[in-house]
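Inside the fold
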Amino acid sequence: MPPPRKPRIVLQGLGAVLALAVTLGAMTYDDYRVYRVRTGANEITQTHVVQPGQAITLKHISWKASVEAVPSLPDGKKAGPGTTYMKIVITRAAADQEGTVKTAKPGKMRLEDRLGRSWAIEVGDDAVRGDKLEIGRPYPITAFARVPAAQAQEVELVLRPSNYRSDVPTEKLTTTHTDPDDVELRFKR
Amino acid sequence: MTEPSSGDDSPRRPVLVPAVGLVLATGLGITALLGGLNEVPDPNPPQYSNGQELDQGRFKTQFVEAREVVQKPRFTGDEAKRFLELVFKVTNQGKETARVGMPPAKLEGAFALSSFAGSLVKVSPSLKQQYGPYAYAVSKGVQSQQLQPGVTTTVIVRYDLLGDAPAPEKVTLDVASFEWKPGFNDPSFAWQMVADEVDDAFFPEVKARITLDVKGRGSA
Amino acid sequence: MTATQERSAPTRRSRRAARGRAGSRTLSAIAGLALVAAAVAVQTLGLTPNDRGAPISTTGSLGEDVDTGRFTVRVDKVAAARTVETLSAEPVATEQLFVVVTASATSAKEPLKLGQPRLITPDGVSYEATDKIPATNTLANPWVQPGFWVSGFFVFEVPASAVQGSKVAFGLPKSALVEPFEPEVEVDLGLDEAKAAQLTSAPQDVYPLKKS
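On a predicted model such as this, the values are computed, not experimentally measured, just so you know.

If you tally the helices and strands in chain C, you get 2 helices and 10 strands. Reading the helices (α) and strands (β) of chain C from amino to carboxyl end gives α-β-β-β-β-β-β-β-β-β-α-β. Within chain C, the fraction of its 212 residues that count as buried is 40%. Partitioning the contacts of chain C with sequence separation of at least 6, the portion at a separation of at least 24 is 72%. Of the roughly 11400 Å² of accessible surface on chain C, a fraction of 57% belongs to carbon and sulfur atoms.

So, in structure tokens, the structure goes:
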């Protein structure tokens, strides 16, 4: 009784194709995940939109921000042709006892235009000194960014509050569970 | 044509395969018992001294000298600083920029280094350090951490001599070498330190032992 | 005798069968060898482990905007010097040759920083930009952002022999987590024999890095 050869060859062929597809697929998926993690696309984010001039209280901190075009940096430096410097003031205040230990600057700060393009923000000064905030007292961060002049009136501030707490000792920083780092604030202009 | 009267009905016993298997297994067992096929680390690596040159694979290295250097104080009232300097002329024989690096503090884990100073796996006598040692390439008075391919550069490894501790008369360096090969759990090729496995840990293989006479006080 | 004949008949049959099997075995062996040879041949076409995940280069030439999709780099000028003067006016000398590349960059969507580039010879020898010039003096320092260009310098320290036919590869900064298939710009500096000779025989004595 001869073995049924043909179906087996077809089956083996299918198996080979499948194995190849699975291997390449797995490698591609792995590479893609590395790309997502490296570019920050993998962060889970819940965005809270803040209306112009309004404040928002979130996770024990009250946030307020302003974004405006300025003719030059404090040291007198003018932006290059076709670009404008933006002055950003982010004011945070502890809303309750829990909030007094949230002393860190936001983890990520960007100016974003309507197309989703973004620009870096460099912090000039943070009013927080030491490791404790007073409840209700506003602490401003003064920061600057350079954007194309055409986008100066449209860019919005997007920031990601840090989940750092100053009452966690350094040696326990990696083992302590703090709030998940999963919110972003978008300040409308 | 005569046929054997017996043994034709019953198939012949396949003795060859088990026999060869047994011999191989025994051979393997004996080899394993004797310590495997790994090369036994040479207890007496070749000895080098001042001015001699060693091919480390990634680098070709001339051991120029060891010297005691006294740095005059920058401000009056400060104490003069004393250093033991090991001077090398290093040629990067690879096709990419290498780092000067630092001599490893411990022998464990040293095998993972691929920098030049990383190959100075043991320096004896060991000198007590506050901040040091420092290692750098220097040319025309400009320091660098890079060894560019195909270029011969002076490299200085500098140890603090603390307090009144006298500089040793001789310094002995155990120097490892590198091979361009795939990594332990990474198939891509890179410069890897030649190492031996001892009890599940890797230790650099000492390619040469260099003894340098320490030259007397100069000043820098 | 009859018994023998009776016994020999099946033997002959099995021998014939064995011959047939031997024939198919030879065929199988040849087919197997052919497959092995094919596999080896295909293997040589394959990527080496070092190539896998290597950056994807977008190539271009001197003065051309080379766009990777994530960022764009343009090499504006190439010069050679014996000494480079840093932004803090400190002279840095070399026994080799400094190749000073003036470049501009912009980004498509997000702010990013360029890594220190490499100068690559036709033989594949690669020179990282020199650390003798502080990174803050180079184009790796400013943010590269959408909508406008930033310009700056990169300085390589190479032997004169490395100049001819060389290219410069610009990528993202090195990170612990290596991104596979990172974008990279590779610019041919256009240094043929004559231009290379011109650069290496008459390098500038002092090349001052100045903010543009």
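Having put the structure on the table, let's press on.
Moving on, we come to the interface of chain C and chain B. Contacts between the two partners involve 21 residues from chain C, matched on the other side by 20 residues from chain B. Summed over both sides, the interface between chain C and chain B buries roughly 1800 Å², with carbon and sulfur atoms accounting for 47% of that surface. Summed over the shared surface of chain C and chain B, the number is 1 salt bridge. Across the pair Arg 99 of chain B and Glu 128 of chain C runs a salt bridge, and its minimum N-O distance is 3.5 Å. Our count for the contact surface shared by chain C and chain B stands at 11 residue pairs in polar contact (both at pLDDT 80 or more).

Right, let's get into the arrangement of the chains. Highest in contacts among the 2 pairs of chains that touch are chains A and C. These two, chain A and chain B, are apart from each other, with no contact and a minimum C-alpha gap of 15 Å.

Turning our eyes to something else, we now look at the confidence of the model for chain B. Mean pLDDT over chain B works out to 85, with 89% of the residues at or above the 70 mark. When pLDDT is averaged over each helix and strand of chain B, the minimum, 80, is found for strand 16 (residues 208–219) of chain B and the maximum, 97, for strand 9 (residues 146–147) of chain B.

A few words on the sheet that holds strand 1 (residues 56–61) of chain C. All names here are of chain C. Reading across the sheet, the 5 strands line up as 1-9-8-5-6 and stay open at both edges, with mixed pairing between neighbours. Taken across any chain shown, the strands that pair with only one partner, and hence form the sheet edges, are strand 1 and strand 6 (126–128). Recorded for the sheet is a direction-independent mean angle of 25 degrees between the axes of neighbouring strands.

For the rest of this paragraph, the subject is the pairing of strand 3 (residues 61–70) of chain A. Residue and element names in this part refer to chain A. Of the pairings in the sheet, the one linking strand 2 (residues 56–58) to strand 3 comprises 3 bridges and is antiparallel in character. Bridge pairing links Leu 58 to Ile 61 in strand 3. Between strand 2 and strand 3, which pair antiparallel and follow one another directly, the connecting turn spans 2 residues, one of which, Lys 59, has a positive phi of 50 degrees. Summarising the sheet, strand 3 and strand 4 (residues 83–94) pair through 10 bridges and their orientation is antiparallel. Residue Ser 62 lies in a different strand from strand 4, and its bridge partner there is Ala 93.

Right, let's talk about the pattern of salt bridges for a bit. Where charged atoms from two side chains of opposite charge approach closely, those side chains can pair. Enumeration according to the criterion identifies 33 salt bridges over all chains in this entry. Between Glu 85 of chain B and Arg 67 of chain B there is a salt bridge; the shortest N-O distance is 3.0 Å. Of the two residues, Glu 85 of chain B is situated in strand 4 (residues 81–92) and Arg 67 of chain B in strand 3 (residues 59–71); the sequence distance between them amounts to 18 residues. On the accessibility criterion, Arg 67 of chain B (26% relative accessible area) is partly exposed. One salt bridge in this structure joins Lys 132 of chain C and Glu 157 of chain C, with 2.8 Å as the shortest N-O distance. Placement of Lys 132 of chain C in the loop between strand 6 and strand 7 (150–158) and of Glu 157 of chain C in strand 7 is noted, with a sequence separation of 25 residues between them. Judged by relative accessible area, Lys 132 of chain C falls into the buried class, the value being 10%.

Attention now moves to the pairing of strand 4 (residues 91–107) of chain C. Residue and element names in this part refer to chain C. Within strand 4, 14 of the 17 residues are buried, leaving the element largely enclosed by the surrounding structure. Summarising the sheet, strand 3 (residues 71–85) and strand 4 pair through 13 bridges and their orientation is antiparallel. Within strand 4, the residue paired with Ala 80 across the bridge is Val 99. The antiparallel hairpin formed by strand 3 and strand 4 contains 5 residues in its connecting segment, where Ala 89 sits at a positive phi of about 60 degrees. Sheet topology note: the strand 4/strand 7 ladder contains 9 bridges and is antiparallel. Bridge pairing links Phe 98 to Glu 157 in strand 7.

Our focus in this paragraph is empty space enclosed by the protein. Residue and element names in this part refer to chain A. One pass over the full model with this rule turns up 1 cavity of 30 Å³ or more. Trp 63, Lys 102, Pro 161, Ser 162 and Asn 163 are, among the 16 residues lining the largest cavity, the residues nearest its centre. Residues of the lining of the largest cavity, tallied by class, amount to 8 nonpolar, 2 polar and 6 charged.

The next point concerns the interface of chain C and chain A. Tallying the contact residues gives 21 residues for chain C and 18 residues for chain A. Summing both partners gives a buried area of about 1700 Å² for chain C against chain A, and 56% of it is carried by carbon and sulfur. If you look at where chain C meets chain A, you find 2 salt bridges. Ionic pairing is found between Glu 182 of chain C and Arg 38 of chain A, a salt bridge with its closest N-O pair at 2.6 Å. At the boundary of chain C with chain A, the tally comes to 7 residue pairs in polar contact (both at pLDDT 80 or more).

Rules used throughout
Residues numbered from 1 in each chain as written. Chains lettered and ligands numbered in written order. Predicted model: local features only at pLDDT ≥ 70, side-chain atom pairs only at ≥ 80, totals over all residues. Heavy atoms only, no water. Helix = DSSP H or I, 4+ residues; strand = E, 2+ residues; numbered from the N terminus. Buried < 20%, exposed > 50% of the residue type's maximum accessible area, 1.4 Å probe, protein only. Contact = heavy atoms within 4.5 Å. Areas by Shrake-Rupley, 256 points an atom, 1.4 Å probe, with all protein chains shown as cover. Buried area = accessible area lost by both parts, 1.4 Å probe. Salt bridge = Lys/Arg side-chain N within 4 Å of Asp/Glu carboxyl O. Polar contact = N/O pair within 3.5 Å; in protein donor to acceptor, adjacent residues only side chain to side chain. pLDDT = per-residue confidence, 0-100. Pairing = 2+ DSSP bridges. Axes fitted to C-alpha atoms, helices over the stretch in contact; angles between N-to-C directions. 1 Å grid on protein atoms, 1.4 Å probe; cavity = no way out; pocket = protein on both sides within 12 Å on 5 of 7 lines; lining within 4 Å. Points joined across faces, edges and corners; volume = space filled by probe spheres on them. Nonpolar A, V, L, I, M, F, W, Y, C, P; charged D, E, K, R; others polar.

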